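Spelled out, the chains give:
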Amino acid sequence: MAVVTAWFDQSGQGQLIEGRVSRPSYGTVSALRNLAYDGGMGVGAAGFGLLAAHTGYAWGFALTGVLMMGALVPLRSPRAAAGP
C-alpha cells in the first residue's frame, strides 16, 4: 500500500485532478480523491476477503492475479498506441 501511495503522490495524479479546478476548490477535490482512493482500497480488500473465504488463499490470489491482468487490456487499444 505504501508503494502505491508513493507512486500516486510522485506520479502527479493529484496535480492532474487539481489542475482542472479553481484554487479554492483544491481542498474539496483532494478530499474526494482521497475518499475514492480509500474506498477503492477497502472494497478491494473486502472483495478479496470474500473470494479467499470461498476459494482459499491460493485460489484467491490466483483469481485476483487474473482479474488484475484485465487492467492491461487498455494498453493494447489503438488509442494507447497513438499516445496522448
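Rules behind the numbers
Residues numbered from 1 in each chain as written. Predicted model: local features only at pLDDT ≥ 70, side-chain atom pairs only at ≥ 80, totals over all residues. Heavy atoms only, no water. Helix = DSSP H or I, 4+ residues; strand = E, 2+ residues; numbered from the N terminus. Buried < 20%, exposed > 50% of the residue type's maximum accessible area, 1.4 Å probe, protein only. Areas by Shrake-Rupley, 256 points an atom, 1.4 Å probe, with all protein chains shown as cover. Patch = residues over 30% accessible without salt bridge, like charges linked within 9 Å, V, L, I, M, F, W, Y side chains within 5 Å. Salt bridge = Lys/Arg side-chain N within 4 Å of Asp/Glu carboxyl O. Phe/Tyr/Trp six-rings, centres within 6.5 Å; stacked < 30°, edge-to-face > 60°.

Colleague: I'd like a rundown of the overall build of the protein, residues and numbers included.
Modeller: Looking only at helices and strands, the protein features five helices and zero strands. Reading the secondary structure of the protein in the N-to-C direction produces α-α-α-α-α. Taking all 84 residues of the protein together, 11% fall into the buried category. In the structure as shown, the protein presents an accessible area of about 6800 Å², 70% of it carried by carbon and sulfur atoms.

Colleague: An account of a nonpolar patch on the surface is requested, with residue identities and associated values reported.
Modeller: Among the surface-exposed residues, Met69, Leu72 and Leu75 lie close enough to one another that they form a single nonpolar patch of about 330 Å² accessible area. Note on placement: Leu75 falls in the loop between helix H4 (57–69) and helix H5 (78–82). Residue Leu75 is classed as exposed on the basis of its relative accessible area, which comes to 60%.

Colleague: Account for the packing of aromatic side chains, naming residues and giving values.
Modeller: Taken as a whole, this structure holds three aromatic pairs when the rule is applied. Measuring from ring centre to ring centre gives 6.3 Å for Phe48 and Tyr57, while their planes differ by 35°; the resulting arrangement is tilted. Relative to Phe61, the ring of Phe48 lies with its centre 4.8 Å away and its plane at 45°, an arrangement referred to as tilted. Taken together, the positions of Phe48 in helix H3 (residues 26–55) and Phe61 in helix H4 put the pair 13 residues apart, joining distant regions of the chain. Among the aromatic residues, those joined into a cluster by ring pairs are Phe48, Tyr57 and Phe61.

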